[in-house]
Amino acid sequence: MATLLYRLGRGALRRRRLVITLWLVALIGLGGAAALFRGPTSSDFTMRGTESQEALDLLAKEFPAASGATGTIAVKAPADGQLGTPQGQAVIRELVQEASSLPGAVGAVDPFQAGAVSPNARYALIQVQFSGGADEVTDEQREAYEEIGARAESQGYQVAPGGEVLNAEPEVGSTEAIGVLVALIVLVVTFGSLVAAGMTMLNALIGVGAGMAGLFALSAVIDLTSTAPILALMLGLAVGIDYSLFITSRYRQNLLSGLTPEEAVGRAVGTAGSAVVFAGATVVIALAGLAVVNIPFLTVMGLAAAGTVTVAVLVAITLQPALLGFAGQRVLPRKLRGTATTNSTATTDGTTPTGGTTPTGGTTPTGGTTPTGGTTPAGADVAEDRSGFGFRWARWVTRLRIPVILAGLLGLGLLAVPATDMRLALPDAGTAPVGSPARTSNDLITEGFGPGFTGRLVVVVSGDSAEQTTAALPRVTQEIQGTEGVLAVAPPQLAQDGRTALLAVIPETGPTDQATETMVHDIRRAVDGTDGVDVLLTGVTAIGIDVSEKLADALPVYLLLVVGLSVLLLMLVFRSILVPVKAALGFLLTVAATFGITVAIFQQGTLADLVGLDTPGPLVSFLPILLIGILFGLAMDYEVFLVSRMREDFVHGDTAAQATINGMGHGARVVTAAALIMISVFGGFVFLDDPIIKSMGFALAIGVAIDAFVVRMTIVPAVMSLLGDKAWWLPRWLQRALPNVDIEGEGLRAHLDEKAAAGVR
């Protein structure tokens, strides 16, 4: 693979104008397709095979009017008893009439007729039924709904529209630009060159632009959840910058070692590009593997993100070499450009393709140094500079390896403790930002009627005949009323043919409360097996419970799949048993600690103000499984970048201890920069108000920080030095059976040696 990528990199540089033109044409074409074919995103997190979804399908058939989106307008009078006066009743009836005439509304229910007035006659709930689903409500219809009640408010009434009709696509605004700006600053500091930093960022932005445009172009034929594009943007931008960083860093090392720009690009793509392709493939496999759990909206989210990562890889190994061809030596700081120009007259076969070396033996700006005992291209002996922070840190970690390992395990173990209390749910209006229309309505309903009114349930009773359904209703109602946690059961509503009936159930507790979840299961057990009819429980609350439970059941299976995959892939790369096992265990530590910190902040409320979280609550149900898939790919990225250099030096004669120090010394700066960039990009999404996106951005940022700085750059070198030569042991029969992936560039090295012997440049 390294040799193929070497040729690809050189070819992209030689034909750089053609490559850039093709990418610009693709970007414009995909952008045009996105503008023409972009479809709406969906906030529907339901899934086939659950009782709640089966009930919804039945409702759509028997009660088509009730299958559309609903809104609940909460009204609060200035004083107790005021809604019982003629003036108060007139205000409510005017609101009902106004709601009925809203664009897209089928009608509104008078709260006096529905019994939706509080005992103190100060609060009322007006139910509004829309013709289309929540995803079909237009922005104009939503805006008109939000502005209802201006006349009533002028009379001192508080009018708060809420309900699923307010569900809208999360907006990506200027706050995420903070993360990108921080990433750009990290690039400038790392490279010491505005050209190198700007070109790396430009390359990543073109890649994420093409990926997002392609995703939106496909949205007309696939159902995208509202969070899928945000996840794709978040991940595509982060890996796009990192992958471009790796290749640019190696290109700079190669220039400083005396290679011509064309040869420097070829070797950079052949070596660092191999790691990029492997890392990207790992992320794509992990995200595409979400399809294994057979949850449609999660599959779409995974494939959408995998698509942008794929584009990021393609851009890094094709467009980046072309841009480097135009930049030439301007990617270096000014003070080093003359040195590189002088060195470029040397032969091109004096350095290893994976080792960025300097003719003077000094450390390159990205941390690459001449290998131990290496020579300059001209053949002079060189003493390697090992005074950099990466080398000092590696020596300290390996010298104190036992205390470092114990401290790391203990610290991450303590951080993981809150994860034992993790609860999963779909977000409700109670966790929306304070001051938002959904949150205002939710709080007003809770204030006037209790938390159960914000998460009402619907029981669907269906029989083969109207007589069977009618006969079963009293028993079903009695069973539900006798269930602990049920506040009230409304009178049944019958379909036109009488075979299907609806019962509205009001719980005593809120939608995400543990007691509500228990009550849902108790109701289902109580009505199970009712003679002559099918009894199904649905509603937003029941849907959230069903989805969360199915995702929780799929989590261990997916985790086992990911861990097994990591061991297999790393065994192919490093031709070792203990190194992959160590990497997998490190990944589990990262996941556990990340879950623990996220639960502590987002569920338990510890330091919630630091992330702008108004109200803590259960984690969004698909966050853990999504986090495992993404962090797996990113963790393997850093593992490969650091440990591949360790293996390379060990294979070429260094002791295991020295190889570990070399790998850390050469890779620490680039891995630090890459991790800081990812943390910055993911952290930029924490500033969004949407609680789903906020928790995703935070969990990914903290997960990358733990994995890069605690696991890969601290625990890993300590464990590697403890294992010594045993780290690279592999049974001979397995060594013969495993294919040679060659991401360290051994095949490329042989290819370059053959070229040098033949006098071919």
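Residues numbered from 1 in each chain as written. Predicted model: local features only at pLDDT ≥ 70, side-chain atom pairs only at ≥ 80, totals over all residues. Heavy atoms only, no water.

### A few points about the overall build of the protein chain
Of the regular secondary structure elements, the protein chain holds 25 helices and 11 strands. Expressed as a percentage of contacts within the protein chain between residues at least 6 apart in sequence, the contacts between residues at least 24 apart total 79%. Taken as a whole, the protein chain presents about 29,600 Å² of accessible surface, with 61% of it coming from carbon and sulfur. (Helix = DSSP H or I, 4+ residues; strand = E, 2+ residues; numbered from the N terminus. Contact = heavy atoms within 4.5 Å. Areas by Shrake-Rupley, 256 points an atom, 1.4 Å probe, with all protein chains shown as cover.)

### A short note on unusual backbone geometry
For residues besides glycine, phi is generally negative; the peptide bonds are generally trans as well. A positive phi is found at Ala121, a non-glycine position, where the angle reads about 55°. Mapping Ala121 onto the fold places it in the loop between helix H5 (111-114) and strand E3 (123-130). Residue Ala121 is classed as buried on the basis of its relative accessible area of 16%. (Buried < 20%, exposed > 50% of the residue type's maximum accessible area, 1.4 Å probe, protein only.)

### Considering the environment of Gly697
Relative to the helices and strands, Gly697 resides in helix H23 (residues 691-723). Classification of Gly697 by relative accessible area gives buried; the value is 0%. In this structure, the C-alpha to C-alpha distance between Gly697 and Leu231, residues 466 residues apart in sequence, is 8.8 Å.

### Quick notes on empty space enclosed by the protein
Overall, the coordinates contain four cavities of 30 Å³ or more when judged by the stated rule. Thr431, Gly617, Pro618, Val620 and Pro691 are the residues nearest the centre of the second largest cavity, which is lined by 17 residues in total. Of all the elements in the fold, those that place two or more residues in the lining of the second largest cavity are strand E11 (619-620) and H23. Among the elements that take part in the lining of the second largest cavity, H23 stands out by supplying three residues, more than any other. Within the lining of the second largest cavity, the residues separate by chemical class into 11 nonpolar, five polar and one charged. (1 Å grid on protein atoms, 1.4 Å probe; cavity = no way out; pocket = protein on both sides within 12 Å on 5 of 7 lines; lining within 4 Å. Points joined across faces, edges and corners; volume = space filled by probe spheres on them. Nonpolar A, V, L, I, M, F, W, Y, C, P; charged D, E, K, R; others polar.)

### Notes on the environment of Val520
You can see Val520 is positioned in helix H18 (residues 514-527). In the structure, Val520 is positioned 25 residues away from Ile545 in sequence and 8.5 Å away in space, judged by C-alpha atoms. In this structure, Val520 is in contact with Leu457, Leu537 and Ile545, ignoring residues within four places of it in sequence.

### A closer look at the pattern of salt bridges
For the coordinates displayed, the defined rule picks out 18 salt bridges. Close ionic contact of Arg10 with Glu263 constitutes a salt bridge, the shortest N to O distance being 2.7 Å. One end of the pair, Arg10, is in helix H1 (residues 2-14); the other, Glu263, is in helix H11 (residues 261-288), and 253 residues separate them in sequence. Among the ionic pairs, Lys76 bridges to Glu447, the shortest N-O distance being 2.8 Å. Of the two residues, Lys76 sits in strand E1 (residues 70-76) while Glu447 sits in helix H16 (residues 437-449), which places them 371 residues apart along the sequence. A cluster of three or more residues bridged by salt bridges with shared partners is formed by Arg10, Arg14, Glu262, Glu263 and Arg267. (Salt bridge = Lys/Arg side-chain N within 4 Å of Asp/Glu carboxyl O.)

### Quick look at the pairing of strand E4 (residues 158-162)
Most of E4 is tucked away, with four of its five residues classed as buried. Sheet topology places E1 next to E4; five bridges connect them, and they run antiparallel. When the sheet's bridge partners are listed, Ala74 is paired in E4 with Ala160. (Pairing = 2+ DSSP bridges.)

### Looking at the packing of helix H21 (residues 623-651) against H23
Closest axis-to-axis distance for the H21/H23 pair is 10 Å, and the angle between their directions is 35°. Crossing of H21 over H23 shows right-handed handedness. The residue makeup of the contact of H21 with H23, split by class, is 20 nonpolar, two polar and three charged. (Axes fitted to C-alpha atoms, helices over the stretch in contact; angles between N-to-C directions. Left-handed = near helix turned anticlockwise from the far one by under 90°.)

### Things to note about the confidence of the model for the protein chain
Fine structural detail should not be taken from predicted coordinates in areas where pLDDT scores are low. Confidence in the prediction for the protein chain averages 85 pLDDT; 89% of positions are at 70 or higher. Confidence over residues 345-383 falls short of pLDDT 50; this stretch has 110 contacts with residues more than four positions distant or in other chains. (pLDDT = per-residue confidence, 0-100.)

### Quick word on the packing of aromatic side chains
Evaluated as defined, the whole model comprises 10 aromatic pairs. Each ring, one from Phe130 and one from Tyr145, has its centre 5.8 Å from the other, and the planes form 85°; the classification is edge-to-face. Here Phe130, found in strand E3, pairs with Tyr145, found in helix H6 (residues 139-146); they are 15 residues apart in sequence, far enough to count as distant. A relative accessible area of 0% means that Tyr145 is categorised as buried. The interplanar angle of 40° and the centroid separation of 5.2 Å between the aromatic rings of Phe449 and Phe453 together place this pair among those described as tilted. (Phe/Tyr/Trp six-rings, centres within 6.5 Å; stacked < 30°, edge-to-face > 60°.)

### Points about the nonpolar core
Core analysis: the biggest nonpolar cluster contains 173 residues, and Tyr243, Leu298, Phe622 and Phe682 have the highest contact counts within it. Top element by residues in this core is helix H12 (residues 296-327). It accounts for 19 residues. Other than its neighbours up to four places away in sequence, Phe682 contacts Met234, Leu235, Ala238, Leu634, Gly697, Leu700, Ala701 and Val704. Grouped together as the second largest cluster of nonpolar side chains are 26 residues, Val75, Ala77, Val91 and Tyr157 included. (Core = buried A, V, L, I, M, F, W, Y, C linked by side-chain atoms within 4.5 Å.)

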